[in-house]
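# What the coordinates show
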Amino acid sequence: MIDPSTHDKQHTSQQQMLFSDGLPQLTDDLGYRGPAVCRAVGISYRQLDYWDRTGLVGPTVRTAQGSGTQRLYSFRDILVLKVVKRLLDTGVSLQQIRTAVSKLEDFGVDDLAKITLMSDGASVYLCTSNDEVIDLINGGQGVFGIALGKVWREVEGSLTELPVEHTDSVADQVVDELALRRAQKRARG
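What counts, and where the lines are drawn
Residues numbered from 1 in each chain as written. Predicted model: local features only at pLDDT ≥ 70, side-chain atom pairs only at ≥ 80, totals over all residues. Heavy atoms only, no water. Helix = DSSP H or I, 4+ residues; strand = E, 2+ residues; numbered from the N terminus. Buried < 20%, exposed > 50% of the residue type's maximum accessible area, 1.4 Å probe, protein only. Areas by Shrake-Rupley, 256 points an atom, 1.4 Å probe, with all protein chains shown as cover. Arc of directions from axis to C-beta. Contact = heavy atoms within 4.5 Å. Polar contact = N/O pair within 3.5 Å; in protein donor to acceptor, adjacent residues only side chain to side chain. Axes fitted to C-alpha atoms, helices over the stretch in contact; angles between N-to-C directions. Left-handed = near helix turned anticlockwise from the far one by under 90°. Expected span 1.5 Å × (residues − 1). pLDDT = per-residue confidence, 0-100. Salt bridge = Lys/Arg side-chain N within 4 Å of Asp/Glu carboxyl O. Core = buried A, V, L, I, M, F, W, Y, C linked by side-chain atoms within 4.5 Å. Pairing = 2+ DSSP bridges.

## Considerations on the overall build of the protein chain
A count of helices and strands for the protein chain gives nine helices and five strands. Each helix (α) and strand (β) of the protein chain, taken in turn from the N terminus, gives the series α-β-α-α-α-α-β-β-α-β-α-β-α-α. The buried share of the protein chain, taken over its 189 residues, is 39%. Carbon together with sulfur atoms contributes 49% to the accessible area of the protein chain, which is approximately 10400 Å² in total.

## With respect to helix 3 (residues 45-53)
Those residues of helix 3 that fall on the buried side of the exposure criterion are Leu-48, Asp-49 and Trp-51. Each buried residue of helix 3 lies within a common arc of 165 degrees when the element is viewed along its axis, so the set occupies one face. Within helix 3, the exposed residues directed more than 90 degrees away from the buried face are Arg-46 and Arg-53. Where helix 3 is buried, its residues contact helix 2 (34-41) and helix 4 (75-89). In the segment just after helix 3, Gly-55 is the residue with positive phi, at about 80 degrees.

## Overview of the side chain of Ser-74
The topology assignment puts Ser-74 in the loop between helix 3 and helix 4. Its relative accessible area of 16% is what places Ser-74 among the buried residues. Here Thr-60 takes part through its side chain, which lies 3.3 Å from a polar atom of the side chain of Ser-74. Excluding anything up to four places from it in sequence, Ser-74 contacts Thr-60 and Val-61.

## So, the packing of helix 4 against helix 7 (residues 148-159)
Relative to each other, helix 4 and helix 7 sit at 115 degrees, their axes nearing to 10 Å. Helix 4 and helix 7 meet at a crossing whose hand is right-handed. On helix 7, the residues touching Phe-75, Ile-78, Leu-79, Lys-82, Val-83 and Arg-86 of helix 4 are Leu-148, Val-151, Trp-152, Glu-154, Val-155, Glu-156 and Leu-159.

## Describing helix 4
Look at helix 4: 21 Å from first C-alpha to last across 15 residues, which is about the 21 Å you get at 1.5 Å a residue. All of the buried residues along helix 4 are Phe-75, Asp-77, Ile-78, Leu-79, Val-80, Leu-81, Lys-82, Val-83, Val-84, Lys-85 and Leu-87. Gly-91, located one to two residues past helix 4, shows a positive phi value of around 95 degrees.

## Some points on the confidence of the model for the protein chain
Looking at the protein chain, pLDDT values average 76 and 71% of them are 70 or higher. Overall, residues 1-24 carries pLDDT values under 50, and its contacts beyond four positions in sequence, including any with other chains, amount to 47 contacts. Here residues 169-176 is modelled with pLDDT under 50, and outside its nearest four sequence neighbours on either side it reaches 10 contacts, counting other chains as well.

## Overview of the pattern of salt bridges
Inspection of every chain in the model, using the stated rule, returns nine salt bridges. In the salt-bridge network here, residues are joined through shared partners; they are Asp-49, Asp-52, Arg-53 and Arg-71.

## Some remarks on the nonpolar core
Membership of the largest hydrophobic core comes to 40 residues, with the highest contact counts inside it found for Ile-78, Leu-87 and Leu-117. When contributions to this core are tallied by element, the ones reaching two or more residues are helix 2, helix 3, helix 4, helix 5 (94-104), strand 3 (124-127), strand 4 (144-147) and helix 7. Ranked by residue count, the leading element in this core is helix 4, at eight residues. Leave out the neighbours within four places in its chain, and Leu-117 touches Val-83, Leu-87, Leu-104, Val-124, Tyr-125, Leu-126, Phe-144, Gly-145, Ile-146 and Leu-148. The next biggest cluster of nonpolar side chains, apart from the first, holds five residues, and it includes Met-118, Tyr-125, Val-133 and Leu-136.

## A word on the pairing of strand 2 (residues 116-119)
On strand 2, burial covers both faces: Thr-116 and Met-118 on one face and Leu-117 and Ser-119 on the other are all buried. As paired strands, strand 2 and strand 3 are joined by four bridges and run antiparallel to one another. What sits directly across from Thr-116, in strand 3, is Cys-127. Linkage of strand 2 to strand 3, two consecutive antiparallel strands, is achieved through a turn of four residues, within which Gly-121 is found at a positive phi near 100 degrees.

This is the structure we're talking about:
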């Protein structure tokens, strides 16, 4: 893999330009529930749950904390999930995908749109410039590429039609009946 520390850390206004008027202004307390994430990414809820439980990609807005709570995924989480799905669809091994995801974590959300992932089917290479992409192709290593900027726009487009949720919403306060009974029993103790 190409070392992500070699890329230009300079922040640009590119992130603001990518978000359309249909997408809510995303903050740290806004996220998307699992079913909406599954629709945006094109995966099953079972797959989403598995990827979270195994530590591949989990929600960063809110994790599930027992019965009755819902995970909330950030835009960035959904972008990475979409990349994971694309890599799996092209036959890249889960081990290589885990390596790629860990490298993507080194980048801030502003930088993701400038990244291209290249693969030869066995390894995944992270490129932060056109020159790096060309070097890989000239070296015979790149068979296909995933431009994260394009994936970003696809995710953005699919999320404009899906509900976004605040972490302090009423859903956070809802407790299922079984959890309520257990809490009452403990209180009587």
